[in-house]
Amino acid sequence: MEEMLQHFSISNYRRLQLMRFTVEQINNSTSLLPNVALGYEMFDHCSDTLSFPGILKLISVNGQVQPWVELTTKVIAVVGPFTSTQALTVAPFFMTDLIPMVNYGSSTSIFSKKAKFPSFLRTVHPNSDVIEVILTILKHFQWRWVAFLYTADDYGYDGLDLFINRVRGTEICIAYSKDLKPGINFSRLFQQIERQNIHVIIVFAAEVVAEALIESAIHFNVTNKVWIANDAWSLNKRLPKMKEIRNIGTVLGVAQPVVEVPGFGDFIRSTESHAKCDYEGHQMLCNQVCNCSDWSAKDILEADPSFSFPVYSAVYAIAHALHKTLQCGEGGCKNITVYPKMVLAELQKSNFTLLNRTIQFDKNGDLKFGLYFLVFWNRAGEAQKIGFYKFYPSVHSYINSTAILWYTDGEVPTSVCSPECPEGYARKQNDLYTCCFTCEICPNETYINVTVDPYSCISCKETEWSKEGSTSCNLRLVEYIPFTDVGAVLIMVGACILVGLSGAISVLFATNYNTPVVRSAGGPMCFLILGCLIVCSVSVFFYFGKPTNASCILRYFPFLLFFTVCLACFIVRSFQIICIFKIAAKFPKLQSWWTKYHGQWLLITAAFTAQALLLITSLTYDPPIPYNETLWHQDQIVLFCSLNLEITSCTFVLLVFLSCLCFIFSYMGKDLPKNYNEAKAITFCLLLLVVTWILFVTIYLLYQGKFIQILNALAVLCSLYSFLLWYFLPKCYIIIFQSHKNTPQYFQGLIQNYTKTISY
């Protein structure tokens, strides 16, 4: 069966002659079907309606068609028809009786469904394979904005559906698609393509339709396009030789391998002399009128060779199946009644080599082996091979881009809706097409990985950082104050000196315990204060090194708790001094109660207990823990200890309250005897304490970095030294260097002078 489309097609006529040659070659073979002659009947499937008489005649027995009845018919297999629509029209007639149809041109996907077409096989690859090759070309050259033009029939619609499904989820967009119906307005079609700035046009159409399209493109002066041809017209012989073909741009194509069939040229030349049409001018079954004498052997041999080998291999596949069905050997073939389904069974098991190519069908009746060539229409008017796409057993492809002469004179043309985003930018897709987008720079602390997701900026990990517009993240530099840091060493040495001084002062006070200076400084309470200062100094050591859960607690807990005891002690000392000189005379009962119930120790115990409870509560609910501070510096992680100020605010409030109370009492005693005035020393210590922490808080608010921990430790140490140096050191000086002032008589004289002063 052969196709005749309105006008005479030399390409189809070449295939018809190739089928004749193949049958004669098999009949002349001594190894394939020996002593068996194949007969055939050919006619043009030029109309779906007028072709039915021929089809019914083929499957009829004694003028009757009896489906599902196993009768001996004259047809055991069918080759063709060429197009998918033609095959869909006639295939159901042959499927009912499982008459094998070995097709050489119908590539629509539906024929792979064996439930509908159980006896359909084909020696041409399905549309899905052609679409896969076209997609490979698009991806190779990064063309993402394409038009898809297709034949207005089952073949074209199937190609469009396959292409739509295949590009879904990729970066390729179908900017425009149109079926090429008869009478289409090509001028409007090209205007729409031009309006959308499309530079790559896929033409998935039959040869005759593609010829009309390309000729119209030349006529309407369409320029600067890349045309991708399917295998139906990529090897067209007439179009590449047209002078104006260069104006339309560059033509690439997917082509079947051109296989030289030995002896076919001699066959055509030998039949040229008697290729006259005896029926010229007479209407046969269907449109079989042609003036064959107008075509020479050269014209036939130079016609488009596409689908020639599929025709050749289709006939040979049937011959090999029949050879096995008849159990042929060297002595000949057995006299067996052959039914079509017997031939079908052998066809499905086909596995033979023809012209160095393996012919084997898969479970869907499609070819297992094979490849496509990628071609380029060069300036010599020929389809030049530039690559290949191999299917089985594994997919392998190659494209020689340097062999292509682009219309851009060297540069590979581009076809995109939106230009590629610069490095470090993410795409912001519009509502319609995935390949139409705007570009937005990725902000700090994010990066873009276009191979994974070109539409999203990915956040860096906490341990990483990035600048604006980055394609990767960098590891942050981990910062903390090591024990070997100069500042840390100096502060730890200062803490050790404080401990040593506190111990030395304790020894000095112990040896001079009964002297007036030690008694006026607080007596036994001095040892409590000095002990608390020593314990508080321990906190300083935990500000250095990598923070841990334990170190975070120990840098705050000892200082806050025992510094509270220090403040409580100084409140007691200030109150006692005021009570002795100013309150006792006015409120003797208060003095009596304070002395009787040891009010000083009650106050100290109450302050200690309150602060301990507050600290335990805060540590239970939200203890200070190691914290990676990433907001201070973009490229650094400062190892820090987090302290929930809301939870621990009560502890700080208590410290501030005690400091204020201490300051009030100490300030009230500013005019007491000079050498008996601890109140002035306490006031000065408190002023230093306030100045120290105001400076620290100010720096903390202005500076952000790892050295804030050194400053915090320094503030703690300065707070301890303020009491040690300005309260205890002057008393030590008197004990050591001014012992004459450390006598009861001297203190009694100061008190008497003060009494005379206030009495006047």
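> Is there a simple way to think about the sheet that holds strand 3 (residues 120-122) in this case?
In a beta sheet, neighbouring strands pair by backbone hydrogen bonds and run either parallel or antiparallel. Spatial ordering of the open sheet is given by 1-2-3, a layout of 3 strands whose pairing is parallel. Each edge of the open sheet carries a strand with a single partner, namely strand 1 (78-79) and strand 3. Pairing between strand 1 and strand 2 (residues 101-103): 2 bridges, direction parallel. Residue Val78 lies in a different strand from strand 2, and its bridge partner there is Met101.

> Whenever I open this one, the side chain of Ser470 confuses me. Can you help?
The topology assignment puts Ser470 in the loop between strand 18 (464-465) and strand 19 (474-475). Ser470 gets classed as buried once you look at its relative accessible area, which sits at 13%. Of note is the side chain of Ser470, whose polar atom sits 2.7 Å from the backbone oxygen of Lys467.

> Help me understand the packing of aromatic side chains in this model?
Going through the model one piece at a time under the given rule, you end up with 40 aromatic pairs. On the basis of an interplanar angle of 20 degrees and a centroid distance of 5.8 Å, the ring pair of Phe82 and Tyr104 is categorised as stacked. Highlighted residues: Phe82 in the loop between strand 1 and helix 3 (84-95) and Tyr104 in the loop between strand 2 and strand 3, separated in sequence by 22 residues. Considered together, Phe82 and Tyr104 belong to a single accessibility category, that of buried residues. Between Tyr312 and Tyr316, the aromatic rings sit 5.0 Å apart at their centres with planes inclined by 55 degrees, giving tilted as the arrangement. In this pair, Tyr312 and Tyr316 both sit in helix 10 (residues 308-325), 4 residues apart, roughly one turn of the helix. Lying across the ring of Phe82, Arg15 places its NZ or CZ 4.7 Å from the centre. Positioned above the aromatic ring of Phe309 is the side chain of Arg357, whose terminal nitrogen or guanidinium carbon lies 5.9 Å from the ring centre.

> Where do I start with empty space enclosed by the protein in this structure?
The gaps of empty space that remain are located by a probe, the size of a water molecule, rolled over the atoms. Counting across every chain of the model gives 1 cavity of 30 Å³ or more. When its volume is computed, the largest cavity comes out at roughly 50 Å³. If you trace the largest cavity, you find it lined by Tyr556, Phe557, Leu560, Leu615, Ser618, Leu619, Pro624, Leu643 and Thr648. Counting residues per element, the ones that place at least two in the lining of the largest cavity are helix 16 (557-583) and helix 18 (599-621). Among the elements that make up the lining of the largest cavity, the one with the highest residue count is helix 18 (3 residues). Of the residues belonging to the lining of the largest cavity, the class tally is 7 nonpolar, 2 polar and no charged.

> Quick question: what am I supposed to make of the confidence of the model for the protein here?
Detailed reading of the predicted coordinates is not advisable wherever pLDDT is low. For the protein, mean pLDDT is 85; residues scoring 70 or higher make up 87% of the total. Per-element confidence in the protein ranges from a low mean pLDDT of 61 for helix 22 (residues 744-759) to a high of 97 for strand 6 (residues 200-204). Here residues 276-288 is a poorly scored stretch, pLDDT under 50, and it has 23 contacts once near neighbours within four places are set aside; other chains count.

> What is the right way to look at the sheet that holds strand 7 (residues 225-229) in this model?
Pairing is mixed in the open sheet, where 8 strands are placed in the order 5-4-6-7-8-11-12-13. Both outer strands of the open sheet, strand 5 (173-180) and strand 13 (396-399), are each paired with one neighbouring strand and no more. Within this sheet the neighbouring strands show an average axis-to-axis angle of 20 degrees, counted without direction. Pairing analysis gives 7 bridges linking strand 11 (residues 371-377) to strand 12 (residues 383-390), with the strands arranged antiparallel.

> Looking at this model, I keep getting lost on the environment of Ser472. Mind explaining?
Secondary-structure assignment places Ser472 in the loop between strand 18 and strand 19. You can call Ser472 partly exposed: its relative accessible area is 40%. For the pair formed by Ser472 and Thr446, sequence separation is 26 residues and the distance between their alpha carbons is 8.1 Å. Residue contacts for Ser472: discarding those within four places in its chain leaves Tyr447 and Ser466.

> Is there a simple way to explain a nonpolar patch on the surface in this structure?
Taken together, the side chains of Phe663, Tyr667, Phe684, Leu687 and Trp726 present a nonpolar region at the surface, about 490 Å² in accessible area. Of all the secondary-structure elements, those providing two or more residues to the nonpolar patch are helix 19 (645-668) and helix 20 (678-702). Note that Phe684 resides in helix 20. For Phe684, a relative accessible area of 38% gives the class partly exposed.

> Honestly, the pattern of salt bridges in this entry has me stumped. Any pointers?
A side chain of one charge can pair with a side chain of the opposite charge when the charged atoms of the two come close. One pass over the structure, following the stated rule, counts 15 salt bridges. One salt bridge connects Arg269 with Asp266, and the closest N-O pair in it is separated by 3.2 Å. Highlighted residues: Arg269 and Asp266, both in helix 8 (residues 264-271), separated by 3 residues, approximately one helical turn. Look at Asp266 and you get exposed, because its relative accessible area is 53%. One continuous salt-bridge network, built from bridges that share partners, spans Arg144, Glu171, Glu420 and Arg427.

> Help me out: how do you make sense of the state of the cysteines in this one?
By definition, a disulfide links two cysteine residues through a covalent bond between their sulfur atoms. One pass over the structure, following the stated rule, counts 7 disulfides. Paired through a disulfide, Cys552 and Cys641 show a sulfur-sulfur distance of 1.9 Å. Measuring the twist about the S-S bond at about -75 degrees, one finds the Cys552-Cys641 disulfide to be left-handed. Here Cys552 is found in helix 15 (residues 549-554), whereas its partner Cys641 is found in strand 22 (residues 636-642), with 89 residues between them in sequence. Looking at Cys641, the relative accessible area reads 1%, which means it is buried. In this structure Cys569 is not part of a disulfide, and its nearest cysteine sulfur, from Cys532, lies 6.0 Å away. Cys569 gets classed as buried once you look at its relative accessible area, which sits at 0%. Residue Cys662 stays outside any disulfide, its sulfur separated by 9.0 Å from that of Cys685, the closest cysteine.

Cut-offs and rules
Residues numbered from 1 in each chain as written. Predicted model: local features only at pLDDT ≥ 70, side-chain atom pairs only at ≥ 80, totals over all residues. Heavy atoms only, no water. Pairing = 2+ DSSP bridges. Helix = DSSP H or I, 4+ residues; strand = E, 2+ residues; numbered from the N terminus. Buried < 20%, exposed > 50% of the residue type's maximum accessible area, 1.4 Å probe, protein only. Polar contact = N/O pair within 3.5 Å; in protein donor to acceptor, adjacent residues only side chain to side chain. Phe/Tyr/Trp six-rings, centres within 6.5 Å; stacked < 30°, edge-to-face > 60°. Lys NZ or Arg CZ within 6 Å of the ring centre and 35° of its normal. 1 Å grid on protein atoms, 1.4 Å probe; cavity = no way out; pocket = protein on both sides within 12 Å on 5 of 7 lines; lining within 4 Å. Points joined across faces, edges and corners; volume = space filled by probe spheres on them. Nonpolar A, V, L, I, M, F, W, Y, C, P; charged D, E, K, R; others polar. pLDDT = per-residue confidence, 0-100. Contact = heavy atoms within 4.5 Å. Axes fitted to C-alpha atoms, helices over the stretch in contact; angles between N-to-C directions. Patch = residues over 30% accessible without salt bridge, like charges linked within 9 Å, V, L, I, M, F, W, Y side chains within 5 Å. Areas by Shrake-Rupley, 256 points an atom, 1.4 Å probe, with all protein chains shown as cover. Salt bridge = Lys/Arg side-chain N within 4 Å of Asp/Glu carboxyl O. Disulfide = S-S within 2.5 Å.

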